[in-house]
Amino acid sequence: PSGIDEFAMKGQFVGAMNYRTIWEVWNYNKLGYGDRYASGFLFWYHNSAVPQVCGRMWDWSLEPTAALYTAANACEPLHPQFDYLKNTVSVVNDYYRSFDGYKVVAEVWDISSKKVWSRSETVDIPEDGVVNDVFKVEFPSGLSPVHFIKLRLLDASGHQVGSSFYWRSDDEYKGKKTLTGPATSGFEPLSDLSQAKVSMKYRTRVSEGRHFIDIDLKNSRGAIAFFAQLQWLDSSGRPVRPSFYTDNFFSLLPGESRSVTIETSLNNLPAGDYTLVLKGFNMTRTAYKISVK
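So, how was this worked out
- Residues numbered from 1 in each chain as written.
- Predicted model: local features only at pLDDT ≥ 70, side-chain atom pairs only at ≥ 80, totals over all residues.
- Heavy atoms only, no water.
- 1 Å grid on protein atoms, 1.4 Å probe; cavity = no way out; pocket = protein on both sides within 12 Å on 5 of 7 lines; lining within 4 Å.
- Points joined across faces, edges and corners; volume = space filled by probe spheres on them.
- Nonpolar A, V, L, I, M, F, W, Y, C, P; charged D, E, K, R; others polar.
- Helix = DSSP H or I, 4+ residues; strand = E, 2+ residues; numbered from the N terminus.
- Buried < 20%, exposed > 50% of the residue type's maximum accessible area, 1.4 Å probe, protein only.
- Polar contact = N/O pair within 3.5 Å; in protein donor to acceptor, adjacent residues only side chain to side chain.
- Contact = heavy atoms within 4.5 Å.
- Pairing = 2+ DSSP bridges.
- Axes fitted to C-alpha atoms, helices over the stretch in contact; angles between N-to-C directions.
- Salt bridge = Lys/Arg side-chain N within 4 Å of Asp/Glu carboxyl O.
- Phe/Tyr/Trp six-rings, centres within 6.5 Å; stacked < 30°, edge-to-face > 60°.
- Lys NZ or Arg CZ within 6 Å of the ring centre and 35° of its normal.

Student: Is there a simple way to think about empty space enclosed by the protein in this case?
Tutor: Within this structure, the stated rule accounts for 2 cavities of 30 Å³ or more. Approximately 50 Å³ is the volume attributed to the largest cavity. For the largest cavity, the full set of lining residues is Glu63, Pro64, Tyr69, Gln229, Leu230, Gln231, Tyr245, Asn248 and Phe249. In terms of residue class, the lining of the largest cavity is built from 5 nonpolar, 3 polar and 1 charged.

Student: What is the right way to look at the side chain of Thr180 in this model?
Tutor: Note that Thr180 resides in the loop between strand 9 (160–169) and strand 10 (198–207). The buried category is assigned to Thr180, whose relative accessible area is 15%. Polar side-chain contacts of Thr180 include one of 2.9 Å to the backbone nitrogen of Lys174. Separated by 2.7 Å, the side chains of Thr180 and Thr178 make a polar contact. Not counting the four nearest positions on each side in its chain, Thr180 is found in contact with Asp171, Glu172, Tyr173, Lys174, Gly175 and Ser185.

Student: Would you mind showing me how to read the sheet that holds strand 10 here?
Tutor: Whenever strands of a sheet pair, they do so through backbone hydrogen bonds, lying parallel or antiparallel. Reading across from one edge, 10-11-15-13 is the order of the 4 strands in this open sheet, with antiparallel pairing throughout. In this open sheet, the two strands that pair with only one neighbour each are strand 10 and strand 13 (243–245). Recorded for the sheet is a direction-independent mean angle of 15° between the axes of neighbouring strands. Inspection of the sheet shows strand 13 paired to strand 15 (residues 257–265) by 3 bridges, in the antiparallel sense. Counted as the bridge partner of Ser243 is Thr264 from strand 15.

Student: Sorry if this is basic, but what is going on with the pairing of strand 8 (residues 146–154) here?
Tutor: Consecutive residues of a regular strand have side chains that alternate between opposite faces of the sheet. Of all 9 residues in strand 8, 9 are buried, a share of seventy percent or more. Across the two faces of strand 8 the burial is the same, with Val146, Phe148, Lys150, Arg152 and Leu154 and His147, Ile149, Leu151 and Leu153 all buried. With 7 bridges joining them, strand 5 (residues 99–109) and strand 8 adopt antiparallel strand pairing. The residue bridging Val108 from the neighbouring strand is Ile149, located in strand 8.

Student: Honestly, the pattern of salt bridges in this entry has me stumped. Any pointers?
Tutor: Pairing between side chains of opposite charge can happen when their charged atoms approach one another. With the rule as written, the count across this model stands at 13 salt bridges. For Glu6, the salt bridge identified is with Lys10, shortest N-O distance 2.7 Å. You can see Glu6 and its partner Lys10 sitting in helix 1 (residues 4–28), 4 residues apart, about one turn around the helix. Of the residues examined, Glu6 reaches a relative accessible area of 25% and is grouped as partly exposed.

Student: Help me understand helix 2 (residues 66–74) in this model?
Tutor: For an α-helix the count is 3.6 residues per turn, leaving residues at separations of three or four pointing the same way. Among the 9 residues in helix 2, 8 count as buried, and that is most of the element. The set of residues buried in helix 2 consists of Ala66, Ala67, Leu68, Tyr69, Thr70, Ala71, Asn73 and Ala74. On its buried side, helix 2 packs onto helix 1, strand 3 (78–82), strand 9, strand 12 (225–233) and strand 13.

Student: Looking at this structure, how should I read the packing of aromatic side chains?
Tutor: Think of a pair of aromatic rings as described by two things: how far the centres are apart, and how the planes are tilted against each other in angle. Under the defined criterion, the tally for this structure stands at 21 aromatic pairs. Between the aromatic rings of Trp167 and Phe227, the centroid separation amounts to 5.5 Å while the plane-to-plane angle is 85°, which identifies the pairing as edge-to-face. Separated by 60 residues along the polypeptide, Trp167 in strand 9 and Phe227 in strand 12 bring together distant segments of the chain. Each residue in the set Phe13, Tyr69, Phe148, Phe165, Trp167, Phe226, Phe227, Phe249 and Phe281 is aromatic and connected to the rest through ring pairs, giving one cluster. Sitting above the plane of the Phe139 ring, Arg168 keeps its charged end 3.9 Å from the centroid.

Structure follows, in structure tokens:
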């Protein structure tokens, strides 16, 4: 990294990968693993009392990290997920009802933000269950060393009910006692991503003693917007705490849109000038001034 900000951002990548993976491994082995029954698990180091940059759902100042949002994504009640070792796509259902005729779609995008492979399959998803290894993702020859996988789950009417996004390298996995493999190493080419441009519209509202910012985002350029982050800052440049974001640290494919709401109690929001920030790994930081009265 060129400095502390880049170091902290890349630390967020590690936390995002780690915490989503913990949940998705449990999803794959839903309720049972070998000779053991597992109805859940305990996160060790849920949040840290000292400054650290990865593997924590809240940092030492109680600011949510990327790990929180990828864990939340893995826990969506209908969830398509990718297996980094088998290269397969599975679908998880946490509802107490089954779903028939759903479609899971997988796409592979290269470092130039071009879609190079796609496949879809129809699945019948059992109640409170998982459909493992629906199909295998095939990576074309000549694919860039770092690439991206987008999964979508569509209902019988074609409405999206679940999604996930992964970054993957072509690094060979050499065993559990090594720092190798497509989820662990070989990510230096991420720096080859072109600059992305995400347009943002927002409006503020107050309801029942709480302040809301409703944000609409769209990737309006041809490059994948990787690891976009929203921040709601006070006049000193510190995050407004506690504030609750419906999503954060997300990536947007070209033309893709996302809506996010930030909620803060008015008791923690004295009158004054605040700043709404949008930034990302391959995005120029933009800031918008918002006055609270």
